[in-house]
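Here's the letter readout for the chains.
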Amino acid sequence: MYRVSIIYDRPTDPAAFDEYYSTKHLPLVEAVPGVVRLATGKCETFDGTTPAAYALAELLFDSKDDAGQALSSSAGKIAAEDLANFATGGVTMLFSNEDTVLP
């Protein structure tokens, strides 16, 4: 498996981010070909302090080649371009192979 991790920094308007993300951005991501698994969630801490990031998304693909093809597809480009519409705090994308999986 090959992983694309997206880290969303704290947006200027969290409520607007949440609304846009769930109603507009996720449908665009769902249209990206080759996504085997999509997981998203808001960041939190155990001690109640402000987390370093606001939210995370993780897309899994069968291979690095599949991820590259998906991200360069028209649907992948549309989803990437959409980040400017809501990710006001900034976004970081990380790419990694899934080397170890434990039960």
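Please refer to the structure higher up on the page.
Residues numbered from 1 in each chain as written. Predicted model: local features only at pLDDT ≥ 70, side-chain atom pairs only at ≥ 80, totals over all residues. Heavy atoms only, no water.

Engineer: Looking at this structure, how should I read the side chain of Ser 5?
Structural biologist: Within the secondary structure, Ser 5 sits in strand β1 (residues 2-8). Non-local contacts of Ser 5, meaning those with residues more than four positions away in its chain, are made with Ala 57, Glu 58, Thr 92, Met 93 and Leu 94. (Helix = DSSP H or I, 4+ residues; strand = E, 2+ residues; numbered from the N terminus. Contact = heavy atoms within 4.5 Å.)

Engineer: In this structure, what is going on with helix α3 (residues 74-82)? I would like to understand it.
Structural biologist: A turn of α-helix holds 3.6 residues, and therefore any two residues three or four places apart point the same way. Buried residues of α3: Ala 75, Gly 76, Ala 79 and Asp 82, and no others. The buried residues of α3 occupy one face: seen down the axis, they fall within an arc of 125°. Structural note: α3 exposes Ser 74 and Glu 81 on the side pointing more than 90 degrees away from its buried face. On its buried face, α3 is in contact with α1 (14-30) and α2 (64-72). (Buried < 20%, exposed > 50% of the residue type's maximum accessible area, 1.4 Å probe, protein only. Arc of directions from axis to C-beta.)

Engineer: Looking at this model, I keep getting lost on the sheet that holds strand β3 (residues 55-61). Mind explaining?
Structural biologist: Sheet strands line up and pair through hydrogen bonds in the backbone, either parallel or antiparallel. Pairing is antiparallel in the open sheet, where four strands are placed in the order β2-β3-β1-β4. Two strands close off the open sheet at either side, each with one partner strand: β2 (37-42) and β4 (91-97). Here the average twist between neighbouring strands, direction ignored, is 15°. Note: β1 against β3, seven bridges, orientation antiparallel. If you follow Tyr 8 over to β3, its bridge partner there is Ala 55. Seen against the sheet, α1 touches β1, β2 and β3 and runs at an angle of roughly 175° to β2. (Pairing = 2+ DSSP bridges. Axes fitted to C-alpha atoms, helices over the stretch in contact; angles between N-to-C directions.)

Engineer: I'm lost on the environment of Leu 71 in this one. Help?
Structural biologist: Inspection of the secondary structure puts Leu 71 in helix α2. Along the sequence, Leu 71 and Pro 33 sit 38 residues apart, while their C-alpha atoms lie 8.6 Å from each other. Sequence-distant contacts of Leu 71, that is, excluding residues within four places in its chain, are made with Val 4, Gly 76, Lys 77 and Phe 95.

Engineer: What is the right way to look at the nonpolar core in this model?
Structural biologist: For soluble globular proteins, nonpolar side chains are generally found buried alongside one another. Counting 21 residues, the largest nonpolar core has Tyr 8, Tyr 21 and Phe 86 as the members making the most contacts within it. Within the residue set of this core, elements represented by two or more residues are β1, α1, β3, α2 and α3. (Core = buried A, V, L, I, M, F, W, Y, C linked by side-chain atoms within 4.5 Å.)

Engineer: I tried to follow the packing of aromatic side chains on my own but got confused; where do I start?
Structural biologist: One pair of aromatic rings is described through two measures. These are the centre distance and the angle between the planes. Per the stated rule, a full pass over the model turns up eight aromatic pairs. When the centroid spacing of 5.5 Å and the interplanar angle of 75° are considered together, the rings of Tyr 8 and Tyr 21 count as edge-to-face. Separated by 13 residues along the polypeptide, Tyr 8 in strand β1 and Tyr 21 in helix α1 bring together distant segments of the chain. The residues Tyr 8 and Tyr 21 share a single accessibility class, namely buried. Seen in terms of ring centroids, Tyr 8 and Phe 86 are 5.9 Å apart; in terms of plane orientation they differ by 40°. Their pairing is tilted. With Tyr 8 in strand β1 and Phe 86 in the loop between α3 and β4, the pair connects residues that are 78 residues apart, well separated along the chain. Both residues of the pair, Tyr 8 and Phe 86, count as buried. (Phe/Tyr/Trp six-rings, centres within 6.5 Å; stacked < 30°, edge-to-face > 60°.)

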